[in-house]
Amino acid sequence: MDYDRFFKDAVAKIRDEGRYRVFADLARECGRFPHAQYFDAHGQPRSVTIWCSNDYLGMGQHPVVVKAATEALEGYGTGAGGTRNISGTTHLHVLLERELAALHQRESALVMTSGYVANEAAISTIAKLLPGCLILSDEKNHASMIHGIRDSRCEKVIFRHNDLDHLEQLLKSADSGRPKLIAFESVYSMDGDFGLIEEICDLADAHQALTYLDEVHAVGMYGPNGAGVAEQRGVMHRPTVIQGTLAKAYGCMGGYIAAKADIVDAIRSIASSFIFTTSLAPAVVGGALASVTHLRDEGQMVRERHQERASTLKHRLKAAGLPVMDNPSHIVPVWVGDPVLCKQASDRLLERHGIYIQPINYPTVPKGTERLRITPTPLHHDGLMDQLMQSLHEVWQELGLETRKAAA
Ligand SMILES: *Cc1c(COP(=O)(O)O)cnc(C)c1O
């Protein structure tokens with residue numbers, strides 16, 4: 001076989017479909033969030049504004065977080081030195097896990113190297129342990145949950161997104177004595193809609209199923225302590241497992257689960273992707289701990305401002321006739337509906353307007369639903385928003401993009 005040829009063709013096919021990925025070469029500038037230097041194709045730096053970061057609140061550059069990370073770095077050095085088992089458990093890991101367990105009012109929490117790993121490790125372990133487990137998975141679940149489900153090698157059924165009737169029907173048609181796990185999210189990050197936490201937990205109770213809730217796009221941002229949408233809605237006690245990330249609103253890196261001690265202990269003892277990898281660096285853990293406590297104690301104003309920014313931008317887009325995909329969260333998706341145009345729109349915004357919004361194409365979203373996904377933070381002030389509106393308006397005109405949204 002001509003292997004070289006094979007991979008060249010594989011990449012060419014991706015290019016032809018307009019979904020070849022080019023990563024913008026950026027250097028964030030600590031203290032100037034949301035501004036960054038962008039290095040163009042010739043390596044020339046230029047100042048741009050980032051409008052698509054998952055550092056939703058700018059905590060990655062917050063002085064309190066930077067200071068804690070710096071102190072941990074200087075106090076403990078760079079790496080953790082091993083897996084959690086091989087001397088990679090630092091006192092900061094212990095404190096962070098205590099803090100996260102308390103935040104979600106669970107007996108225990110376990111920090112992993114990413115939210116992706118947390119989903120993969122936790123779902124696969126829980127489902128594998130339960131004899132004959134049936135996994136019920138929302139069709140819009142994140143790739144990391146799907147990976148965990150696959151890894152478990154258990155039977156899975158997919159329910160239509162947020163469709164309670166469909167979920168109930170699937171639960172009813174399963175053997176009543178069989179262990180079941182329902183996996184879903186609280187904020188679906190590409191459309192920005194909320195999961196039906198209370199209703200799904202009701203169905204789970206009625207059919208003796210466990211629930212697994214991914215709060216990755218909500219922790220830090222929703223609820224009076226930043227514990228997520230479940231906290232905001234007063235139902236935080238209900239899901240069996242709550243999973244979150246330290247990489248998005250908390251501005252650092254790492255993922256975690258919080259649950260009853262025995263469930264956490266089982267994952268800690270069995271999950272390969274937790275056990276056999278070096279634990280998070282102390283600086284990351286120190287920064288995350290400061291971020292979690294800061295957003296718990298002093299985050300309310302920033303959370304309110306965050307929601308206000310998102311809703312203001314949605315209103316402005318609507319008023320300008322731009323096809324915003326409406327939703328109740330902090331995520332502002334703008335419809336394009338074509339992969340090539342979506343990439344072109346993003347390129348133009350970056351090259352000509354100094355605005356960075358990455359294109360969201362397949363496989364992140366279904367083909368034909370390509371979009372720009374804007375995530376305004378509390379630091380995107382009115383002046384920046386004026387500039388964004390003007391730039392979007394021009395790009396939409398130049399490329400002749402749709403101004404009203406087609407079917408979502
Ligand atoms: C980003 C994301 C993850 C993974 O979290 P990381 O910490 O970035 O690995 C998990 N679930 C959802 C829904 C996500 O969007």
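As a reminder, the structure under discussion sits directly above these lines.
Quick notes on the rules
Residues numbered from 1 in each chain as written. Predicted model: local features only at pLDDT ≥ 70, side-chain atom pairs only at ≥ 80, totals over all residues. Heavy atoms only, no water. Helix = DSSP H or I, 4+ residues; strand = E, 2+ residues; numbered from the N terminus. Rg over C-alpha atoms; globule rule 2.2 N^0.38 Å. Buried < 20%, exposed > 50% of the residue type's maximum accessible area, 1.4 Å probe, protein only. Contact = heavy atoms within 4.5 Å. Areas by Shrake-Rupley, 256 points an atom, 1.4 Å probe, with all protein chains shown as cover. Phe/Tyr/Trp six-rings, centres within 6.5 Å; stacked < 30°, edge-to-face > 60°. Near = heavy atom within 4 Å. Polar contact = N/O pair within 3.5 Å; in protein donor to acceptor, adjacent residues only side chain to side chain. Nonpolar A, V, L, I, M, F, W, Y, C, P; charged D, E, K, R; others polar. Core = buried A, V, L, I, M, F, W, Y, C linked by side-chain atoms within 4.5 Å. Pairing = 2+ DSSP bridges. Axes fitted to C-alpha atoms, helices over the stretch in contact; angles between N-to-C directions. Parallel < 35°, antiparallel > 145°, perpendicular 65-115°, else oblique. Left-handed = near helix turned anticlockwise from the far one by under 90°.

Student: Describe the overall build of the chain, and please don't skip the residues or the numbers.
Tutor: Check the secondary structure of the chain and you find 15 helices and 14 strands. Relative to the 2.2 N^0.38 estimate, which gives 22 Å for 408 residues, the radius of gyration of the chain is 22 Å and therefore close to what a compact globule would have. Burial analysis of the chain (408 residues in total) assigns 52% to the buried set. A separation threshold of at least 6 residues defines the contact pool for the chain, and within that pool the share at least 24 residues apart is 71%. Summed over its atoms, the accessible surface of the chain is roughly 18,100 Å², and 53% of this surface lies on carbon and sulfur atoms.

Student: Give me the packing of aromatic side chains: which residues, what numbers.
Tutor: A complete count under the given rule lists two aromatic pairs for this structure. For the ring pair Phe6 and Phe7, a centre distance of 5.2 Å and an interplane angle of 90° mean the geometry is edge-to-face. Residue Phe6 is classed as partly exposed on the basis of its relative accessible area, which comes to 42%. Using a relative accessible area of 53% as the deciding quantity, one classes Phe7 as exposed. Summarising the aromatic geometry, the rings of Phe194 and Tyr222 are spaced 5.6 Å apart at their centres and angled 90° between planes, so their arrangement reads as edge-to-face. Within this pair, whereas Phe194 is found in the loop between β7 (180-185) and α8 (197-206), its partner Tyr222 is found in the loop between β8 (210-214) and α9 (229-232), the two being separated by 28 residues in sequence. Phe194 sits in the buried class, given a relative accessible area of 13%.

Student: Give a detailed account of the site of the ligand, specifying residues and quantitative values.
Tutor: Taken together, the neighbourhood of the ligand is formed by 13 residues, with Gly115, Asp214, His217, Thr245 and Lys248 sitting nearest. The separation between a nitrogen atom of the ligand and a polar side-chain atom of Asp214 is 2.7 Å. His217 places a side-chain nitrogen or oxygen 2.4 Å from an oxygen atom of the ligand. Taking 380 Å² as the accessible area of the ligand by itself, protein coverage stands at 86%. Split by residue class, the shell around the ligand holds three nonpolar, seven polar and three charged.

Student: Can you break down the nonpolar core residue by residue, with the values?
Tutor: The nonpolar side chains of a soluble globular protein tend to be buried, and buried together. Leu96, Leu100, Leu136, Leu167, Ile182, Ile197 and Leu246 are the most contacted members of the largest nonpolar core, which has 53 residues in total. Those residues in contact with Leu246 that lie beyond four places of it in its chain are Leu96, Leu100, Val111, Gly251, Cys252, Met253, Gly254, Gly255, Tyr256, Ala288 and Val292. Counting residues in hydrophobic clusters, the runner-up holds 32 residues, among them Leu349, Tyr356, Leu384 and Met389.

Student: I'd like a description of the environment of Val241, backed by residues and values.
Tutor: Looking at the element boundaries, Val241 is found in strand β9 (residues 241-245). The spatial distance from the C-alpha of Val241 to the C-alpha of Gly287 is 24 Å, given a sequence separation of 46 residues. Among residues more than four places away in sequence, those in contact with Val241 are Ile126, Thr211, Tyr212, Leu213, Ile257, Ala258, Ala259 and Ile263.

Student: Would you mind going over the sheet that holds strand β6 (residues 155-159) in detail, with residue names and values included?
Tutor: Taken in spatial order, the seven strands make up an open sheet running β4-β10-β9-β8-β7-β5-β6, and their pairing is mixed. Every other strand in the sheet has two partners, leaving β4 (108-112) and β6 as the edge strands with one partner each. In this sheet, adjacent strand axes meet at a mean angle of 20° when their direction is disregarded. As judged from the four bridges shared by β9 and strand β10 (residues 255-259), these two strands associate in the antiparallel manner. Bridge pairing links Gly244 to Tyr256 in β10.

Student: Could you give an account of the packing of helix α14 (residues 339-353) against helix α15 (residues 382-399), naming the residues involved and the relevant values?
Tutor: Axis angle and axis distance: for two packed helices, these are the angle between their axes and the distance between the axes, and together they describe the pair. Following both chains from N to C, one finds α14 and α15 inclined at 130°, their axes separated by 10 Å at the closest point. When the axis of α14 is compared with that of α15, the two are oblique. As α14 runs across α15, the sense of the crossing is right-handed. Residues Leu341, Gln344, Ala345, Arg348, Leu349, Arg352 and His353 of α14 lie in contact with α15, whose contacting residues are Gln387, Ser391, Leu392, Glu394, Val395, Glu398 and Leu399. Partitioning the contact of α14 with α15 into residue classes produces six nonpolar, four polar and four charged.

Student: An account of the side chain of Ser279 is needed here, citing residue identities and associated values.
Tutor: Inspection of the secondary structure assignment puts Ser279 in the loop between α11 (272-275) and α12 (282-298). At 2.5 Å, the side chain of Ser279 and the backbone oxygen of Gly88 are in polar contact. Residues in contact with Ser279, not counting those within four places in the same chain, are Ala80, Gly82, Thr83, Arg84, Gly88 and His93.

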